[in-house]
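Commentary on secondary and tertiary structure
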Amino acid sequence: MTGIEREVVIVGAGPAGISAACVVAETGRSALLIDDNPSPGGQIWREQDRHGSDWQASHWLRRMHLYRVDVMSGATVIDGDPGRRAIVCETANSVSTIRYKKLILATGARELFLPFPGWTLPNVMGAGGLQALVKSGMPISGKRVVVAGSGPLLLAVGAYLKGQGARVLAIAEQASWSRLARFGLGLPKQPYKLAETWQLKRALFRVPYRAGAWVEAALGGTVLERVRLRVSHRYWEAPCDYLAVGYGLVPNIELAVSLGCQLSGGCVQVDSMQQTSVPDILCAGETTGIGGVELALMEGRIAGFSAIGDRLNAQWLFSDRERFRRFARRLQKAFTLREELRHLPSEETLVCRCEDVSYRRIAPMSGWRAAKLHTRCGMGPCQGRVCGPAAEFLFGWNCQSARPPVFPARIDSLIEHVDK
Amino acid sequence: MADSVWISIDELPVEVEHGTTVAAAILKSDTAGFRRSVTGKWRGPVCGMGICFECRVTINGQPHRRSCLVYCESGMMVRTK
Ligand SMILES: Cc1cc2nc3c(=O)[nH]c(=O)nc-3n(C[C@H](O)[C@H](O)[C@H](O)COP(=O)(O)OP(=O)(O)OC[C@H]3O[C@@H](n4cnc5c(N)ncnc54)[C@H](O)[C@@H]3O)c2cc1C
Ligand code: FES
């Protein structure tokens, strides 16, 4: 076991974590960024973007190197002890305890996956999931792809896949045109976002965008062969190679919860300085509420200033943060999930993919705890990260429970941790 | 291929670009499924970011590695199930 100590330790090397680390490192203090992915950048700035067209990505990654932020990639924070101001971190072949003066949680978000018949077939993936795989080297040129689910991410994914040579057959957005129109009318107040939408429109030339449309079923023997969409009152079916479906984002709150941070509306609760309910633990980015990359960067910088006690510089950013938060709330309303999605699973559809528990077995349970106890739903390696939010949507249960370790740890990690 | 890496997937050699994850390499090799579920159904990656655990394979003898989180390295031995 190794022992490391840093003034500020940041968990999550996405936009929020990177901007926080830069603010800290620029003042000459020691900052350590820990992230479980093989390289820094989080969900949005992956390998290909770093030399590429995304100026924001190159700007922040360059700044991070310039100020010599320490980065520990391929390392998962599995547990912590706020009393001793320490966290436990696991890599493929080591475990370490890391001490901090201030800890910033910037663990981001994951996609919301909802069960429908056939969703467990290989080649049915998340929308951001397929994008991430393509960014990490999966060939997509010439493949037939249907993108479905909800939210602005579908447009970004559709445009990206088309740019990589995929044949995007359709983008199916579950929200209705009337909801989107209401959202669209508000856009001129956000010139930044509007430009982004225009750029995407050009990139998505000739890709059919269907609002009020959702996946009824994925069909195939051992792998995906066809997809069936419901488009208002009609059905649309087509053969395809990949189905990319995501219903928006869910904040990764598990680590924060296991450290004792209080939640509010399913997100980590923070004050104006990004301080959580636990002393010396701050939180920034999607973990405090889904809001996009600009908001994540803004919150990250505020958390960085907050961690070094620089209230004045943090305050300069408050009004920008508020503007992005308002926009995020509007997005959330426009893309509210429709009732019909609750009735997609058949009796045989699996809800828990780790333990193969069907809708029929879970539905009669009185709640999440009972379902876990009697069906093993949410007890597999993903620890309910996929089926928890799905059950919350399907049955209205409260599915938040995080006990250390927040990721399945190797036994030796746990033994070393207990022994220390 | 400039800057390429050779790995073996189920004992078949596959050439990928440097910076490719094992999950992406398996998808490139057209392997049908990555693993079998507890009731024996084929599964493949879903989230691409280490959350869903559906992309688990054996890498250099180490089972249950999430292949979407591991970069290919020359000579790596990958096994799907
Ligand atoms: C799959 C996906 C694809 C997306 N694609 C786009 C897109 O194309 N365009 C767009 O505008 N927005 C996209 N978004 C939204 C965008 O990613 C976010 O707005 C932005 O990245 C938020 O930044 P963040 O720093 O809060 O979190 P993230 O970028 O999510 O970074 C959090 C990081 O923390 C790591 N982490 C979490 N828990 C732990 C732990 N316990 N130990 C170690 N590391 C941990 C995660 O692996 C991740 O690298 C996407 C989101 C997702 C989930
Ligand atoms: S694809 Fe989900 S963990 Fe790898």
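**Quick notes on the domain arrangement of chain A**
Under the domain assignment, chain A is made up of domain 1 (2–109 + 250–331), domain 2 (113–247) and domain 3 (345–395). The centre of domain 1 of chain A, based on its C-alpha atoms, is set 31 Å off from the matching centre of domain 3 of chain A.

**Brief notes about the side chain of N252(A)**
Within the secondary structure, N252(A) sits in the loop between β16 (249–251) and α7 (254–258). Engagement of the side chain of N252(A) in a polar contact is seen with the side chain of R110(A), the distance being 2.8 Å. Excluding anything up to four places from it in sequence, N252(A) contacts T107(A), G108(A), A109(A), R110(A), T287(A) and I51(B).

**Points about the site of ligand 1**
Residues and elements named next belong to chain A. Close to ligand 1 lie 30 residues; A16, D35, D36, N37 and E286 are nearest. Within the contact set of ligand 1, an oxygen atom lies 2.9 Å away from a backbone nitrogen or oxygen of A16. Of all the elements in the fold, those that place two or more residues in the shell around ligand 1 are α1 (15–25), β4 (76–81), α3 (127–135), α4 (153–163) and α8 (293–307). Across the shell around ligand 1, the residue classes tally to 15 nonpolar, 12 polar and 3 charged. Each of two domains, domain 1 (2–109 + 250–331) and domain 2 (113–247), supplies a minimum of three residues to the shell around ligand 1.

**Describing empty space enclosed by the protein**
If you walk through the whole model with that rule in mind, you get 2 cavities of 30 Å³ or more. What the second largest cavity holds in volume is close to 50 Å³. If you go around the second largest cavity, the residues you meet are F113(A), L114(A), F116(A), W119(A), V124(A), M125(A), V245(A), R353(A) and V46(B). The residue makeup of the lining of the second largest cavity, split by class, is 8 nonpolar, no polar and 1 charged.

**Focus on the environment of W119(A)**
Residues and elements named next belong to chain A. Along the chain, the position of W119 falls in the loop between β7 (109–111) and β8 (124–125). Sequence spacing of W119 and R376 is 257 residues, and the spatial spacing of their C-alpha atoms is 20 Å. Leaving out residues up to four positions away in the same chain, W119 has contacts with F113, L114, V124, T349, L350, V351, R353 and V386.

**Thoughts on α8(A)**
Residues and elements named next belong to chain A. With 15 residues, α8 should cover 21 Å at 1.5 Å per step; its first-to-last C-alpha distance of 21 Å lies within 8% of that length. With 14 of 15 residues buried, α8 is to be regarded as a mostly interior element. Of the residues trailing α8, G309 is marked for its positive phi of about 75°.

**Some details on the interface of chain A and chain B**
With 40 residues of chain A at the interface, the matching set in chain B holds 31 residues. For the pairing of chain A and chain B, the buried interface totals around 2,800 Å² over both sides, and the portion due to carbon and sulfur atoms is 61%. Across the contact surface, chain A and chain B share 2 salt bridges. A salt bridge links E54(B) to R353(A); the nearest nitrogen and oxygen atoms lie 2.6 Å apart. Counting across the interface, chain A meets chain B through 8 residue pairs in polar contact (both at pLDDT 80 or more).

**Some details on the packing of α1(A) against helix α2 (residues 55–66) of chain A**
Residues and elements named next belong to chain A. Contact geometry of α1 with α2 gives a least axis separation of 9 Å together with a crossing angle of 40°. The angle between the axes of α1 and α2 places the two elements in the oblique class. Crossing geometry of α1 relative to α2 is assigned as left-handed. Residues I18, S19 and C22 of α1 pack against W60, L61, R63 and M64 of α2. Residues that form the contact of α1 with α2 fall into these classes: 5 nonpolar, 1 polar and 1 charged.

**Things to note about the packing of α3(A) against α4(A)**
Residue and element names in this part refer to chain A. It is at 9 Å that the axes of α3 and α4 come closest, and there the two elements cross at 30°. Considering their axes alone, α3 and α4 lie roughly parallel with respect to each other. Note on packing geometry: the crossing formed by α3 with α4 is left-handed. Residues A127, G128, L130, Q131, V134 and K135 of α3 form the contact with α4, whose participating residues are L153, L154, A156, V157, Y160 and L161.

**Some points on the pairing of strand β14 (residues 234–239) of chain A**
Residue and element names in this part refer to chain A. Pairing between strand β13 (residues 226–231) and β14: 6 bridges, direction antiparallel. Directly across from L229, in β14, lies its bridge partner W236. Between β13 and the antiparallel strand that follows it, β14, lie 2 residues; S232 among them carries a positive phi value of about 40°.

**Remarks on the layout of surface pockets**
Considered as a void within the structure, the second largest pocket measures approximately 870 Å³ in volume. Along the wall of the second largest pocket there are 31 residues; nearest its centre are T91(A), A92(A), H64(B), R65(B) and R66(B). If you list the elements that add at least two residues to the lining of the second largest pocket, you get β4 of chain A together with β5 (56–59) and β6 (62–66) of chain B. A per-element tally of the lining of the second largest pocket places β6(B) first, with 5 residues.

Cut-offs used in this document
- Residues numbered from 1 in each chain as written.
- Chains lettered and ligands numbered in written order.
- Predicted model: local features only at pLDDT ≥ 70, side-chain atom pairs only at ≥ 80, totals over all residues.
- Heavy atoms only, no water.
- Domains from an automatic or database assignment.
- Helix = DSSP H or I, 4+ residues; strand = E, 2+ residues; numbered from the N terminus.
- Polar contact = N/O pair within 3.5 Å; in protein donor to acceptor, adjacent residues only side chain to side chain.
- Contact = heavy atoms within 4.5 Å.
- Near = heavy atom within 4 Å.
- Nonpolar A, V, L, I, M, F, W, Y, C, P; charged D, E, K, R; others polar.
- 1 Å grid on protein atoms, 1.4 Å probe; cavity = no way out; pocket = protein on both sides within 12 Å on 5 of 7 lines; lining within 4 Å.
- Points joined across faces, edges and corners; volume = space filled by probe spheres on them.
- Expected span 1.5 Å × (residues − 1).
- Buried < 20%, exposed > 50% of the residue type's maximum accessible area, 1.4 Å probe, protein only.
- Buried area = accessible area lost by both parts, 1.4 Å probe.
- Salt bridge = Lys/Arg side-chain N within 4 Å of Asp/Glu carboxyl O.
- Axes fitted to C-alpha atoms, helices over the stretch in contact; angles between N-to-C directions.
- Parallel < 35°, antiparallel > 145°, perpendicular 65-115°, else oblique.
- Left-handed = near helix turned anticlockwise from the far one by under 90°.
- Pairing = 2+ DSSP bridges.

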